[in-house]
Amino acid sequence: MNFGQWEKISVLFEHALGLPRDEQAAYLAELARREGQSVSDEVRALLQADQDSAGFLQASALRAAAWQMASEVEPVIADMLYGNYCILSKLGAGGMGEVYLAQDESLGRQAALKFLPQVFMQDAVQLARFEREARAASALNHPNILTVYEIGQAHGRAFIATEYVTGETLRERLTGGKLAPEAAARIAAQIAEALHAAHSAGLIHRDLKPENVMLRPDGYVKLLDFGLAKPISAEASETRNLPSSISHLQSTLMGTPHYMSPEQARGAALDARSDVWSLGVTFYEMLTGEALLKEKNAEAALRRLREAESLPWQLPHEARRFQPLLQQALAIRSERRLASAQEFLSVLRRANARTSRRHGFVSAALLTLTLILLAWWRFASAPPATPLYWDMNEAAQTAFVATASDGLAQRLGANARPHSPEQIVRIKKYVDEFVRRRDSLSTTPGKESPKAVYARASVYAPFISEAFRAHQLPSVLGLYVAVVETEYHPCTQSAVGAKGLFSFMPQTAERFGLRLTPQDERCDPHKIADAAARYLIHLRERFGADADAMTLALVAYNAGETYVGDNVARLQALDLAPLNFWTLLEHNDRQATPLRPESQSYVPRFWAAAVLGEHPQRFGLEIQPLSAYVMGMN
Amino acid sequence: MSESNQLTRLLIAWSAGDARALEQLTPLVYAELRRLAHSYMRSERAGHTLQTTALVHEAFLRLLGNPQEQWQNRAHFYGIAAQMMRRVLVDYARTNLRAKRGGAQVRVALEDVGEGAGQAVAQASFDVEVLALDAALAELNTIDARRARVVELRFFGGLSVEETAQVLHVAPDTVIRDWRVAKAWLFRHLNQ
């Protein structure tokens, strides 16, 4: 286009811009007649461009450049060592810095390194926040919380080293639209688990949102970014000491308004219920594919949160069963809200259990659904007014433990025999030990309340059951070995590395196909569940498959197969029967190398764990029997 | 001589045709912009809006001193400042792009994306877009110098409608119309 052509077209275009929209077509037609089609087309294209370019050039170049300059980072250099970490590749840029995949040269494992942007290195407030994130998260040891290895500084950069998780964020998953209610519930349950662990440790996350939830390909959920997390007490005192305008300003600047609780938006003191709100908002978004707050603008969203008496929302038909849960999680006034992540979890489970029953009735022909039905039957056939274990007298307790133990024996294999009174006394001792912990607030493994242990167990139950069934093993075997071994702490460390859910020694791990490097697969609950099943099959092959032999396999799991094998051979030589753990125990003093105390208690503890886990309603545990959790339905 | 006096002297020299003055100016402008950008970043967490007007005015004021004192008039000052910013920013984008070894990002419109994910997109494509826009603007300049100037003042200089009107000695309404026409032309040109 030359100067003359443009001069003419610009005049015509400017005239067209001044016309009402509905007259433009007529004008373009007239132009086509008067000036020719190409001129008319050119003006039409410009009108279109005018409409499409609303935001174009709206921000000045200076602003864009300033942004760019401010977020500039000295690139982290590949092959350079940061502490013990050698940078391998860039994983992405998060809200607060860049993340790199790195190899820990001393331990041989992979890690994700998150670097604080350089612009914040001189900034004491941001540096402190960064360190707080590391400290807060590293205080937590939970399968649904990203494990922090360490915090470090090297080459003028601060970084946090965490476990390396593959997969996508919940935000990415949600770009594909809403999730199936079962999938959404599985994710929400794991987030609730993570929050519960954080709350028990006295921390509020304060920034739960889909961006901070990582979904591993195996269905595992990891909660990230404890950047805003604060001790509950510090939060309260800090807010008290600040004029409300300042703390409000802080919240405004630091959180993402769309997932904030109303009290957070107002800058009030926060407790666990604030995270429950954010979890509710996140769950709602998973079920509907839509944000609870539709406001695009952060200020508008904040205003709405501060001022709204209620927020309207609606669930699609298939997710209606979660209506009561969300009503309780999304109560504007925190005192009317579910008080904890654990309450959220139990209401969620109840809602899910209800559908399981419905489904079971509708299509009982399907194998999995039959299993659910059976599970439900066991669950629901217990009279609703079942007395709690600790409300019964000693004789009733003993009778109950005996019935439960004998029932369990039948599930372990053929030819199960009833337990003797002495055996029941041994089992009951460990049932009572669990019961003594029932009000424990401790988060130390082995000292927690059974509520905490079994709530955690119910998360793992579906895939442990599946792994064991896949190997034609009774699922109860895996479900309760994990209680005895680690009480469902999937990644505690020992002198020989991670124990995993099933406490594998490095040799056992390698023998059953788990790799220890570059990542210790013992911490992968799915992989170790499968390995545990294969280990138990191996033991079953050695000791036999009936109920008696399974008790030997169990004690061999703890004491070692050669050792138990020698002891069994001694029983045979002495012509002692039946060949099971109890006989072994009874004649322990006749052995060359008797069972150690830990092994003597192993099988009774397994039974006690199963008595609780299969009769949760007797122990005030808000779960289904662990063996009732089925993949896809928990 | 104070820093801003030195800058003013360089700016005047450059406007009078001294090309080397710009070379000396550029690093000083970068440094100042970085300092400002960082201080804004610190006070406004990622995702929040930088106050453009305040940023631009503070930058100019600090860089060049009070225009009334040293310049024959405000309009002249802003006109030269916008030109300088264009040169500096285009140069900055070009350097960045070279550093990125090819950085073949597909361009999107230079939109005011505001918050969130869009911000990252805006940053990633900033360099490519600024260069494309600079070229398109040069082309517009050959057929419509006045409207090209409006874009330079508003987009690169960060001037408001009124300030642009003062620099060009036209009515604000004219600036509004010219801006709209020029934007449509550039948008079409860049998306063709």
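Note that the structure is predicted; figures quoted are calculated from it, not measured.

Caption draft 1: Focus on the overall build of chain B. In terms of regular secondary structure, chain B is built from nine helices and zero strands. In sequence order, chain B lays out its α and β elements as α-α-α-α-α-α-α-α-α. Put simply, chain B has 192 residues, and 52% of those count as buried. Once local pairs closer than 6 in sequence are excluded, the contacts in chain B between residues at least 24 apart make up 61%.

Caption draft 2: Layout of the overall build of chain A. Helix and strand counts for chain A stand at 25 helices and 13 strands. Counting only residues that meet the buried cut, chain A has 55% of its 634 residues in that class. Residue pairs in contact within chain A that sit at least 24 positions apart in sequence constitute 62% of those at least 6 positions apart. As presented, chain A carries roughly 26700 Å² of accessible surface, and 53% of it is formed by carbon and sulfur atoms.

Caption draft 3: Summary view of the pattern of salt bridges. A complete count under the given rule lists 39 salt bridges over all chains for this structure. Between B:Arg147 and A:Glu14 there is a salt bridge whose closest N-O contact spans 2.8 Å. Residue B:Arg147 is found in helix H7 (residues 145-156), and its partner A:Glu14 is found in helix H1 (residues 3-18); the two belong to separate chains. Linking A:Arg321 and A:Glu182 is a salt bridge whose minimum nitrogen-to-oxygen distance equals 3.3 Å. Pair noted here: A:Arg321 is in the loop between helix H12 (298-307) and helix H13 (323-329) and A:Glu182 is in helix H7 (residues 181-200), with a separation of 139 residues, a long-range link. Because the salt bridges share partners, they merge into one network encompassing A:Glu14, B:Asp144, B:Arg146, B:Arg147, B:Arg177 and B:Asp178.

Caption draft 4: Here's a closer look at the sheet that holds strand S9 (residues 213-215) of chain A. Residue and element names in this part refer to chain A. Across the sheet, three strands lie side by side as S7-S9-S10; this open sheet has antiparallel pairing. On the outer flanks of this sheet lie strand S7 (168-169) and strand S10 (221-223), each paired with one strand and no other. Relative to S10, S9 runs antiparallel, the two being bridged by three bridges. In the strand pairing of S10, Leu215 is matched with Val221.

Caption draft 5: Seen up close, helix H21 (residues 525-543) of chain A. Residue and element names in this part refer to chain A. The first and last C-alpha atoms of H21 sit 26 Å apart over 19 residues, in line with the 27 Å expected at 1.5 Å per residue. Where H21 is concerned, the buried positions are Pro525, Ile528, Ala529, Ala531, Ala532, Ala533, Tyr535, Leu536, Ile537, Leu539 and Phe543. Those residues of H21 hidden inside the fold are in contact with helix H18 (450-470), helix H19 (475-486), helix H20 (506-511), helix H22 (547-559) and helix H23 (561-573). Residue Asp524 occupies the N-cap position of H21, its side-chain oxygen lying 3.0 Å from the main-chain nitrogen of His526. A positive backbone phi angle near 115 degrees is found at Gly544, which sits one or two residues after H21.

Caption draft 6: View of the pairing of strand S5 (residues 148-154) of chain A. Across six bridges, S5(A) lies against strand S6 (residues 157-162) of chain A in antiparallel orientation. Within S6(A), the position partnered with A:Val148 by the bridge is A:Thr162.

Caption draft 7: Summary view of the layout of surface pockets. Residue and element names in this part refer to chain A. There is about 870 Å³ of room inside the second largest pocket. As for the second largest pocket, its lining consists of 33 residues, and the residues nearest its centre are Tyr149, Gln519, Asp520, Glu521 and Cys523. Secondary-structure elements contributing two or more residues to the lining of the second largest pocket are strand S13 (497-498) and H21. Broken down by class, the residue content of the lining of the second largest pocket amounts to 14 nonpolar, nine polar and ten charged.

Caption draft 8: Just the packing of aromatic side chains, in detail. Tallied over the entire structure, the rule returns 26 aromatic pairs over all chains. Judged by centre distance (6.0 Å) and plane angle (85 degrees), the ring pair of A:Tyr460 and A:Phe463 falls under edge-to-face. Taken together, the residues span about one helical turn, with A:Tyr460 and A:Phe463 both in helix H18 at a distance of three residues. Classification of A:Tyr460 by relative accessible area gives buried; the value is 1%. For the ring pair B:Phe155 and B:Phe156, a centre distance of 5.1 Å and an interplane angle of 80 degrees mean the geometry is edge-to-face. Of the residues examined, B:Phe155 reaches a relative accessible area of 1% and is grouped as buried. On the basis of relative accessible area, B:Phe156 is assigned to the buried category, the value being 0%. Aromatic ring contacts, followed pair by pair, group A:Tyr82, A:Tyr85, A:Tyr100, A:Phe115 and A:Phe159 into a single cluster.

Caption draft 9: Looking closely at H22(A). Taking 1.5 Å per residue, 13 residues should reach 18 Å; H22(A) reaches 19 Å between its end C-alpha atoms and fits that length. Positive backbone phi, at 105 degrees, marks A:Gly560, one or two positions downstream of H22(A).

Caption draft 10: Fine view of the side chain of B:Glu152. Here B:Glu152 shows up in helix H7. Filtering out sequence-adjacent residues up to four positions away, B:Glu152 remains in contact with B:Ala82, B:Gln83, B:Arg86, B:Leu137 and B:Gly157.

Caption draft 11: Expanded view of the environment of A:Arg437. Residue and element names in this part refer to chain A. With respect to the helices, strands and loops of the structure, Arg437 is situated in the loop between helix H17 (421-436) and H18. Between the C-alpha atoms of Arg437 and Glu448, which are eleven residues apart in sequence, the distance is 6.6 Å. In contact with Arg437, other than residues within four places in its own chain, are Gly446, Lys447, Glu448, Ser449, Pro450, Val453 and Glu487.

Caption draft 12: The arrangement of the packing of H18(A) against H19(A) in detail. All names here are of chain A. Look at H18 against H19: their axes get within 8 Å of each other, and the N-to-C directions meet at 140 degrees. Here H18 and H19 pass one another in a crossing that is right-handed. The segment H18 lies against H19, with Val453, Tyr454, Ala461, Ile464, Ser465, Phe468 and Arg469 engaging Ser475, Leu477, Gly478, Leu479, Tyr480 and Val483. In terms of residue class, the contact of H18 with H19 is built from nine nonpolar, three polar and one charged.

Caption draft 13: Representation of the environment of A:Asn84 within the structure. All names here are of chain A. As for its position among the elements, Asn84 is in the loop between strand S1 (81-82) and strand S2 (85-94). The exposure class of Asn84 is partly exposed, given its relative accessible area of 39%. Separated by 23 residues in sequence, Asn84 and Leu107 place their C-alpha atoms 8.7 Å apart. Leaving out residues up to four positions away in the same chain, Asn84 has contacts with Gln103, Asp104, Glu105 and Ser106. Separated by 3.4 Å, the side chains of Asn84 and Ser106 make a polar contact.

Caption draft 14: Looking closely at the pairing of strand S4 (residues 110-115) of chain A. Residue and element names in this part refer to chain A. Most of S4 sits inside the fold, with six of its six residues counted as buried. Pairing between S4 and S6: four bridges, direction antiparallel. If you follow Lys114 over to S6, its bridge partner there is Ile160.

Caption draft 15: Here's a closer look at the confidence of the model for chain B. Residues and elements named next belong to chain B. Chain-level statistics for chain B give a pLDDT mean of 70 and a share of 60% at 70 or above. This model gives residues 44-50 a pLDDT under 50, and the stretch forms 20 contacts once residues within four places in sequence are excluded. Every residue in residues 100-124 scores below 50 in pLDDT, and together they form 48 contacts with partners more than four places removed in sequence or on other chains.

Quick notes on the rules
- Residues numbered from 1 in each chain as written.
- Chains lettered and ligands numbered in written order.
- Predicted model: local features only at pLDDT ≥ 70, side-chain atom pairs only at ≥ 80, totals over all residues.
- Heavy atoms only, no water.
- Helix = DSSP H or I, 4+ residues; strand = E, 2+ residues; numbered from the N terminus.
- Buried < 20%, exposed > 50% of the residue type's maximum accessible area, 1.4 Å probe, protein only.
- Contact = heavy atoms within 4.5 Å.
- Areas by Shrake-Rupley, 256 points an atom, 1.4 Å probe, with all protein chains shown as cover.
- Salt bridge = Lys/Arg side-chain N within 4 Å of Asp/Glu carboxyl O.
- Pairing = 2+ DSSP bridges.
- Expected span 1.5 Å × (residues − 1).
- Polar contact = N/O pair within 3.5 Å; in protein donor to acceptor, adjacent residues only side chain to side chain.
- 1 Å grid on protein atoms, 1.4 Å probe; cavity = no way out; pocket = protein on both sides within 12 Å on 5 of 7 lines; lining within 4 Å.
- Points joined across faces, edges and corners; volume = space filled by probe spheres on them.
- Nonpolar A, V, L, I, M, F, W, Y, C, P; charged D, E, K, R; others polar.
- Phe/Tyr/Trp six-rings, centres within 6.5 Å; stacked < 30°, edge-to-face > 60°.
- Axes fitted to C-alpha atoms, helices over the stretch in contact; angles between N-to-C directions.
- Left-handed = near helix turned anticlockwise from the far one by under 90°.
- pLDDT = per-residue confidence, 0-100.

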